[in-house]
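Structure assessment
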Amino acid sequence: MKKNNIINLIFIFIILFPILDASVVLTTLPISTIIRGLFLIFSVTYLVKNKHNLKIIGFLSLLIVFLSIYLFTINYSIYEIITSVFKLFYLPFTCLLFMNLDYDKKINKSLIISLIIYISIYLLSYIFNFGYNNYLEEEGKIGFRGVFNSINELSAILVILYYYAYNFLKDKKVTLIIITILMLIISYLTGTKVLLGGILLTIFINIFPVIFNKFKKSSAKNRLIIIISGILTITLLGYLFTLTNTYYNMKIQGEFFKVTNVFSYEFLNRVLFNDRLTFLNTNLDIYLNSDILSKIFGLGTSKFPKLVEIDIFDIWFTYGIIGLLLILSIFTYILKLVKFNKYNLFGIIILIMISLTSGHVLLSPAVSIFFGIIIYLNKQNLLRKNEKI
């Protein structure tokens, strides 16, 4: 396939992201799984056919051997087998694909369009009251997820898309301000910590260097003004935070678990991590009490009452030590070859931070593909030793 055709294919695919995610709720047909599955097949086929690289073929062989043993040890249905293959293969092979494609600025535009479509679908579903709440009525929390299946995945996607849209639209301030306001509205409506935190972190990452450089060049009087302005801004933001649904949901969570000290382990676990550390202890006990084969190749998902929703542990418990090492190896390999600039490195860090706090990143094809996209945006031709894999 010619270069332009591949870029056009990826351009269309990225624009389709929000429609594919909404289709999971809007139709019983597995449209998202089929199209994303076809893209995975394309990625593997392109790499094997065009690169003829022993490392790629070797990595694919390792995954196939591991998956064969894994599925032999786990009693899965056909659907669960396909899902397992999908989740395990998607991150490494989409990353490898984007590492081997030449950069085209057209993809930047597709990310902005995709973000606008996500925003439009979400807000229209809210305006016309066509969608779903993220919490049960008896929980007492407030959060609207619209026509999207997972609020955690949606939050992660919106955060990373906004992070790059902010960078691409710096010269189009009116557009950037409008998108920022709409993102803050969505953050209020979803009531999630990840989305609000991601928006504020993005703004901080982009604004702080400008303010800091101005601070260094300013007189003592102007420095004092900047410091006072910063303190007032932080105070105002703190007050505004208490008016958000995010704060309200944290308050409900704290009251339910009778958490009174914000500096306690209970606050960290029950409120900030939504009890994930409790699930971690439960699942760790189940894993440690399993047989040696399960420790090596994982227990699947059915043996656990609930996933931890901290990706690194879910991979470990579900796919075992071997599965965890396979995923970590691809990250090590990428970091060894790709010299990230600061902005793209922060993009990777943001995704990893989300995977460690709310999950649904490394094993979610809708989100994990953004690791590959970041590699692509980093102009992947800048590889150490001028080497492609």
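Residues numbered from 1 in each chain as written. Predicted model: local features only at pLDDT ≥ 70, side-chain atom pairs only at ≥ 80, totals over all residues. Heavy atoms only, no water.

Turning next to the overall build of the protein chain. For the protein chain, the helix and strand inventory stands at 16 helices and two strands. Since a compact globule built from 389 residues should have a radius of gyration of about 21 Å, the 22 Å found for the protein chain is in line with a globular shape. For the C-alpha atoms alone, the extent of the protein chain along its principal axes is close to 65 × 50 × 45 Å. For the protein chain, with 389 residues in total, the buried portion stands at 48%. Sequence separation of at least 24 residues holds for 71% of the intrachain contacts in the protein chain that already meet a minimum separation of 6. If you sum the accessible surface of the protein chain, you get close to 20200 Å²; carbon and sulfur atoms cover 68% of it. On the protein chain, the mean spot of the 35 positive side-chain charges and the mean spot of the 18 negative ones are 16 Å from each other. (Helix = DSSP H or I, 4+ residues; strand = E, 2+ residues; numbered from the N terminus. Rg over C-alpha atoms; globule rule 2.2 N^0.38 Å. Buried < 20%, exposed > 50% of the residue type's maximum accessible area, 1.4 Å probe, protein only. Contact = heavy atoms within 4.5 Å. Areas by Shrake-Rupley, 256 points an atom, 1.4 Å probe, with all protein chains shown as cover. Lys, Arg positive; Asp, Glu negative; His and termini not counted. Charge placed at Lys NZ, Arg CZ, Asp CG, Glu CD.)

Bringing the nonpolar core into the picture now. Grouped together as the largest cluster of nonpolar side chains are 101 residues, with contacts concentrated most on Phe93 and Phe370. For this core, the element with the highest residue contribution is helix 6 (residues 151-168), accounting for 13 residues. Ignoring sequence-local partners within four residues, the contact set of Phe370 consists of Phe17, Leu111, Ile157, Ile160, Leu161 and Leu351. (Core = buried A, V, L, I, M, F, W, Y, C linked by side-chain atoms within 4.5 Å.)

Time to look at the packing of helix 6 against helix 8 (residues 193-217). Close contact between helix 6 and helix 8 brings their axes to 9 Å; oriented N to C, the two are set at 15 degrees. Here helix 8 runs roughly parallel to helix 6, going by the angle between their axes. Considering the relative orientation of helix 6 and helix 8, their crossing is right-handed. In contact with Ser155, Leu158, Val159, Tyr162, Tyr163 and Tyr166 of helix 6, helix 8 contributes Val194, Leu195, Gly198, Ile199, Thr202, Ile203, Ile205, Asn206 and Ile207. (Axes fitted to C-alpha atoms, helices over the stretch in contact; angles between N-to-C directions. Parallel < 35°, antiparallel > 145°, perpendicular 65-115°, else oblique. Left-handed = near helix turned anticlockwise from the far one by under 90°.)

Here we come to the environment of Leu363. Locating Leu363 in the fold gives a position in the loop between helix 15 (342-357) and helix 16 (365-377). You can call Leu363 buried: its relative accessible area is 14%. Considering only alpha carbons, one finds Leu363 and Ile312, 51 residues apart in sequence, at a separation of 9.5 Å. Not counting the four nearest positions on each side in its chain, Leu363 is found in contact with Lys87, Asp311, Ile315 and Tyr319.

Here we come to the layout of surface pockets. The calculated volume of the second largest pocket comes to roughly 1100 Å³. Lining of the second largest pocket is provided by 38 residues; of these, Thr83, Lys87, Asn149, Glu153 and Pro365 occupy positions nearest its centre. When contributions to the lining of the second largest pocket are tallied by element, the ones reaching two or more residues are helix 1 (3-26), helix 2 (31-51), helix 4 (78-99), helix 6, helix 14 (311-337) and helix 16. Looking at the lining of the second largest pocket element by element, the count peaks at seven residues for helix 4. By residue class, the composition of the lining of the second largest pocket is 17 nonpolar, 13 polar and eight charged. (1 Å grid on protein atoms, 1.4 Å probe; cavity = no way out; pocket = protein on both sides within 12 Å on 5 of 7 lines; lining within 4 Å. Points joined across faces, edges and corners; volume = space filled by probe spheres on them. Nonpolar A, V, L, I, M, F, W, Y, C, P; charged D, E, K, R; others polar.)

Quick look at the side chain of Ser368 now. If you trace the backbone, Ser368 turns up in helix 16. The exposure class assigned to Ser368 is buried, which follows from its relative accessible area of 1%. The contact partners of Ser368, leaving out residues within four places of it in the chain, are Tyr90, Leu91, Val361 and Leu362.

What follows concerns unusual backbone geometry. In this structure, Asn274 takes a positive phi of about 50 degrees despite not being glycine. Relative to the helices and strands, Asn274 is located in the loop between helix 11 (265-272) and helix 12 (276-288). Within the chain, Asp275 stands out as a residue other than glycine whose phi angle is a positive 70 degrees.

All right, on to the environment of Leu63 then. Relative to the helices and strands, Leu63 resides in helix 3 (residues 54-73). Contact partners of Leu63, with chain neighbours within four places excluded, come to Leu88, Phe89, Pro92, Phe93 and Leu326.

Bringing the side chain of Ser355 into the picture now. Of note, Ser355 is situated in helix 15. Not counting the four nearest positions on each side in its chain, Ser355 is found in contact with Glu309, Ile310, Asp311, Val361 and Leu362.

On average, residues of the protein chain score 88 in pLDDT, and 95% of them are at 70 or above. Confidence drops under a pLDDT of 50 for residues 383-389, and excluding neighbours within four residues, the segment shows 20 contacts in the predicted structure. (pLDDT = per-residue confidence, 0-100.)

Bringing helix 11 into the picture now. For helix 11, every residue scored as buried is listed here: Phe267, Asn269, Arg270 and Val271. Here the buried face of helix 11 lies against helix 8, helix 10 (245-256) and helix 12. Of the residues one or two after helix 11, Asn274 is the one with positive phi, at around 50 degrees.

A few words on empty space enclosed by the protein. Inspection of every chain in the model, using the stated rule, returns one cavity of 30 Å³ or more. Those elements that provide at least two residues to the lining of the largest cavity are helix 6 and helix 16. Element by element, the count of residues in the lining of the largest cavity is highest for helix 16, at four residues. Here the lining of the largest cavity is built from residues that sort into eight nonpolar, no polar and no charged.

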